[in-house]
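Topology and contacts: notes
Listed below are the residues making up each chain.
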Amino acid sequence: MPDPEPAPFERLGRPPSLTTRVEQLLREAIARGQFAGGKLPTEVKLAEQLGVSRETVRLAADALQREGLLVKIRRRGTLLRAPELPDRVPAAEPTAIAYLQAGYSAGPSQAEAATRSIAGLMLQGAVEEAGRAGLRVVVQHAPHTRIGQAFGDLPHRDQLRGVIFAHYGEEKLLRRATGSGLPLALLDHDLSLPGVHCVRDDSAGGARLAVAHLAALGHKRVAFVNWRQTDLNPWRLDGYRQGLRDAGLPRRRAWEVAVELTPAGARRAVQHLLTLAPRPTAVYCFNNTLARLVIDELRRQNVRVPDDVSVLGGGGEEVPGLTSHQADWYELGATAVRALLRPGPPPPRPEHHLGPHSLVPGQTTAAARE
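Source: prediction; values computed, not measured.

With four bridges joining them, strand E8 (residues 222-227) and strand E9 (residues 256-259) adopt parallel strand pairing. Its bridge partner lying in E9, Val225 is registered against Val257. Assessed by its sense of winding, the connection that carries the chain from E8 through helix H8 (residues 234-247) to E9 is right-handed.

Pasting the structure below:
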């Protein structure tokens, strides 16, 4: 018997650097109109007031200068940049929310297979919630590598009540986006940034729910077929491992397979699992698309589902008869809009929302035979 694993620790958030903290303090002071006459104290004075080095103040001010909030003029000091005259008359009140949807290629001819099913529901929730507030939604879909350009191409900022970044969490760009002064919300992702709301499903909780269901059916060898882009959803693997610990089940590295969300990926996963001795009696898949492909491949290999192997999907597309867990994707989209519209002075206090998963019974899981 393997040695029991130590109790898990909760993931620690990365604390912001001292430069980042000074940068945010200055940004908030600018938003409050704290600097009389539009001029900042000298770097030496600011360093003394904040108890940091002059170099830290200089780096923070340089970052704000790149965002267009400050301008340094020789012999005059650091000044707030004068607002530019608009090239058109802005609307009296913001009329829209921007929705930037990032796309990812999951494999050959399978573009966006990981997010296509849930993306539509989240967008629908956002559009209808915005409509109830009398706002329209400006939608821009772009590859994740071009989201920065899509953000720069948004309509006049005075027309926007906020921006939703869907399926996207690149920290460097999002830090720059906070300089726009617009409320921001991440949808289907999570980061700890000042003034940025985060709304996503509880992926780890869904995985624990899946393992608990299989354990209750008597399965002791539970494999996990994950999406190879593990950095986009690290919580699912964490939840699977925690679920095994909660149920007192063993964990084997060989039972964890990461593949593309394609028929070829499912084939590789099944071929690997069928070589193991003893074989897993249950397979938990990253999402319903992958579960469907795994079931198809198992049947091609004359492995009966659920008689020989139980299969459970991790949400997404609707697959008739599949046992899975699902979040309320529509509600997550609506929640992101409500967070943007919450009243309060800028910058907003960041909200973090986790949407729970619920089990959807099906015919692809059954009691273990051994």
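Below, the discussion takes up the sheet that holds strand E13 (residues 352-355). Spatially, the six strands line up as an open sheet ordered E4-E3-E5-E6-E7-E13, and their pairing is parallel. Only two strands of the sheet have a single neighbouring strand rather than two, namely strand E4 (136-143) and E13. Sheet twist, expressed as the average angle between the axes of neighbouring strands with direction ignored, equals 15°. Judged from the six bridges that link them, strand E3 (residues 96-103) and strand E5 (residues 160-166) form a sheet pairing that is parallel. Note on E5: the bridge partner recorded for Gln101 is Ala166. Here helix H11 (residues 329-341) sits on the sheet and contacts E3, E5, strand E6 (184-187), strand E7 (196-201) and E13; the angle it forms with E7, its principal contact strand, is near 170°.

It is worth spelling out the packing of aromatic side chains at this point. If you walk through the whole model with that rule in mind, you get five aromatic pairs. Here Phe224 and Tyr284 contribute two aromatic rings whose centre-to-centre distance is 5.2 Å and whose plane-to-plane angle is 20°, an arrangement assigned as stacked. Of the two residues, Phe224 sits in strand E8 while Tyr284 sits in strand E10 (residues 282-285), which places them 60 residues apart along the sequence. Clustering of aromatic rings is evident, with ring pairs tying together Phe151, Phe165 and Tyr168. The residue whose ring lies beneath Arg200 is Trp235, and the NZ or CZ to ring-centre distance is 3.8 Å. Directly above the aromatic system of Phe286 lies the positively charged group of Arg236, at a separation of 5.3 Å from the ring centroid.

What counts and how
Residues numbered from 1 in each chain as written. Predicted model: local features only at pLDDT ≥ 70, side-chain atom pairs only at ≥ 80, totals over all residues. Heavy atoms only, no water. Pairing = 2+ DSSP bridges. Helix = DSSP H or I, 4+ residues; strand = E, 2+ residues; numbered from the N terminus. Right-handed = clockwise from strand over helix to strand, strands pointing away. Axes fitted to C-alpha atoms, helices over the stretch in contact; angles between N-to-C directions. Contact = heavy atoms within 4.5 Å. Phe/Tyr/Trp six-rings, centres within 6.5 Å; stacked < 30°, edge-to-face > 60°. Lys NZ or Arg CZ within 6 Å of the ring centre and 35° of its normal.

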